[in-house]
Amino acid sequence: MLELNFIRANKSRVIQGLKIKNFSEEDLQIVEEILSLDDTRKEVQTELDSLLAERNQLSKTIGDLMKAGKRAEAESQRERVGQLKEQAAKLEDSLKDTKVQLEELLLKVPNIPHESVPPGATPEDNEVYKAWASPLPELSSDALPHWELAQKYNIFDLELGVKLTGSGFPVYRGKGAKLERALISFFLDEATRAGFEEVIPPLMVNEDTARATGQLPDKEGQMYYVERDNLYLIPTAEVPVTNIYRDVILDAADFPVKMTAYTPCFRREAGSYGAHVRGLNRVHQFDKVEIVVLQHPDKSYETLQEMLAHVSGLLDKLELPYRILRLCGGDMSFTSALTFDFEVFSAAQKRWLEVSSVSNFETYQSNRMKLRFRDGKATRLAHTLNGSALALARVVAALLENNQTPEGIVIPKVLRDYTGFELLN
RNA sequence: GGAGGAGUGGCAGAGUGGUUUAAUGCACCGGUCUUGAAAACCGACGUACUGAAAGGUACCGGGGGUUCGAAUCCCUCCUCCUCCGCCA
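Treat the numbers as computed from the prediction; the structure is a model and nothing was measured.

Asker: What's the story with the side chain of N281 in this structure? I'm lost.
Answerer: Along the chain, N281 falls in the loop between β9 (257–266) and β10 (285–295). Under the relative-accessibility criterion, N281 is labelled buried at 3%. Setting aside its immediate chain neighbours within four residues, N281 contacts H146, W147, H276, Q349, R351, L353 and R394.

Spelled out as structure tokens, the structure:
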């Protein structure tokens, strides 16, 4: 959520930003609506405050009169307070209404894109920030896509998942399960080495938590919901991990706060089936190691670069061809100011698969979350950032396809200590 | 799941209807003293909204209510503690 003061002070920049996010002229009216609603809020608030001030004063007087035994005088004051209360109740209702309306409008305003964000509406408009310089791997014509390799080597079984749960819930088996666990351990160890504190968060969160990072109300349909207990299954570790610092005031010296977590991620991904989501390309449950950073506003873009370097390092070590995209305004998430996507080339499908999304949210999440730091006497909102490092399912897909040989699938060197085997066959 | 108890500032802890403007202690910060430090003493010491400022308002786990007036009384939800039951 954008800060009201920010909108007020940077109106033209906000409008400019919303245009990059493809707001129509009509939709842009929301900025004026918000500001005028906030004016109303201030007026009502001031009026209410002065009524309450008078009431407090009178109540004190009544107390004194009662003590002094001047009952009759106290009675007459009481009537006056009665009137004040009626007025105050009306104002309170109206203030509440105004605040609710204001909140609703503010929730409709996405984050303002960073100045480097290219305009555009679809993934085609994303900018290739860093291309893959070497030639892409070419496989022989009988190369198999990963879902067929999965059958051949008994790595994972989606049909079995259907039996147990439903479509999109893979069952990893044997060396496939071990490969999965190896990747998780490798990613966590790399993150730890880079100074991230490992945490194991809950996999279900309450409404407050889901709202603070922006999943509610924007992406309600994306999450699995446990109605009986009013809990949401996390779509990413970002949600519980960032919320560790909800309602916290940090010292400037605490920056950067760096955390990493492995969790399964649950996404409903309603309504898309077909060739492009076969196998592990898109599933309802997948494993992911996430990195989260809380940073001083002056340093968050520096940190974003460090996160890109970290993710690049992982893919280099796994020897997977990848490219980095800078997302255009239309393809960026609601809450992000700048997002880089990592895509890995899956050689049998001859497709780029998204395996990581690294974003700076600036103060958009921290405002909802009331995550602040002390800056001299003042408190200011911190910047929050996060990125996948990495999302497992698609990494596995690319790894299986790219490394297939007639003898089996060659395990990258960095993983061999973790898997305990060099060849998956 | 059953019975009982409890939630107050960074921490400890007082406060059961009216100078609570939340006592007191500890911690932290600034100052005096000191070669330096400690001790002692003095001062400051929550968050948010509003206002040019002075000031005003709200917040004692969350929400609602009673009252002229609520940290204090009532309802409800949440969390924690103790005991019992169940359990990896």
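Here the narrative resumes, following the displayed structure.
Asker: Just to check I follow, could you spell out the protein's contact with RNA strand B for this structure?
Answerer: Around RNA strand B, the structure places 21 residues, and the nearest of them are R41, D49, S59, V81 and T379. The share of sugar and phosphate among atoms of RNA strand B within 4 Å of the protein is 79%. Here a phosphate oxygen of RNA strand B and a side-chain polar atom of K85 are 3.4 Å apart. Contact between RNA strand B and R372: a sugar or linking oxygen at 3.0 Å from a side-chain N or O atom of the residue. Listed by contribution, the elements that provide at least two residues to the surface near RNA strand B are α3 (25–68), α4 (71–107) and β14 (372–375). For the surface near RNA strand B, the element with the highest residue contribution is α3, accounting for 13 residues. A breakdown of the residues in the surface near RNA strand B according to their chemical character gives 5 nonpolar, 6 polar and 10 charged.

Asker: I'm lost on the sheet that holds strand β15 (residues 378–381) in this one. Help?
Answerer: Whether parallel or antiparallel, the strands of a sheet pair through hydrogen bonds between backbone atoms. Judged by pairing direction, the sheet is mixed, and its 3 strands sit side by side in the order β8-β14-β15 without closing on themselves. Strands with a single pairing partner mark the edges of an open sheet, and in this sheet they are β8 (249–251) and β15. The mean angle between the axes of side-by-side strands here comes to 40°, regardless of whether they run parallel or antiparallel. In this sheet, β15 lies alongside β14 in antiparallel orientation, the contact comprising 4 bridges. Residue pairing across strands places R374 opposite T379, the latter belonging to β15.

Asker: How should the pairing of strand β11 (residues 322–326) be read in this particular structure?
Answerer: The two faces of a sheet get side chains in turn, since along a regular strand they alternate between them. Along β11, 4 of the 5 residues are buried, which leaves the element largely enclosed by surrounding structure. Relative to β11, strand β1 (residues 127–130) runs antiparallel, the two being bridged by 3 bridges. Of the residues in β11, the one forming a bridge with E127 is R326. The sheet contact formed by β11 and strand β12 (residues 338–346) spans 5 bridges and is antiparallel. Within the sheet, the bridge partner assigned to L325 lies in β12 and is D341.

Asker: Would you mind showing me how to read the pattern of salt bridges here?
Answerer: For side chains of opposite charge, pairing can occur when their charged atoms come near one another. All told, the structure shown has 14 salt bridges when counted by the stated rule. A salt bridge links K11 to E32; the shortest N-O distance between them is 2.7 Å. Here K11 is found in helix α2 (residues 11–20), whereas its partner E32 is found in helix α3, with 21 residues between them in sequence. With a relative accessible area of 31%, K11 lands in the partly exposed category. For D218, the salt bridge goes to R368, with nearest N and O atoms at 3.8 Å. Separated by 150 residues along the polypeptide, D218 in the loop between α8 (207–212) and β6 (225–226) and R368 in helix α11 (residues 364–369) bring together distant segments of the chain. Taking relative accessible area as the criterion, D218 reaches 30% and is therefore assigned partly exposed. Linked by salt bridges that have partners in common, R8, D38, D39 and R41 make up one network.

Rules used throughout
Residues numbered from 1 in each chain as written. Chains lettered and ligands numbered in written order. Predicted model: local features only at pLDDT ≥ 70, side-chain atom pairs only at ≥ 80, totals over all residues. Heavy atoms only, no water. Helix = DSSP H or I, 4+ residues; strand = E, 2+ residues; numbered from the N terminus. Buried < 20%, exposed > 50% of the residue type's maximum accessible area, 1.4 Å probe, protein only. Contact = heavy atoms within 4.5 Å. Near = heavy atom within 4 Å. Polar contact = N/O pair within 3.5 Å; in protein donor to acceptor, adjacent residues only side chain to side chain. Nonpolar A, V, L, I, M, F, W, Y, C, P; charged D, E, K, R; others polar. Pairing = 2+ DSSP bridges. Axes fitted to C-alpha atoms, helices over the stretch in contact; angles between N-to-C directions. Salt bridge = Lys/Arg side-chain N within 4 Å of Asp/Glu carboxyl O.

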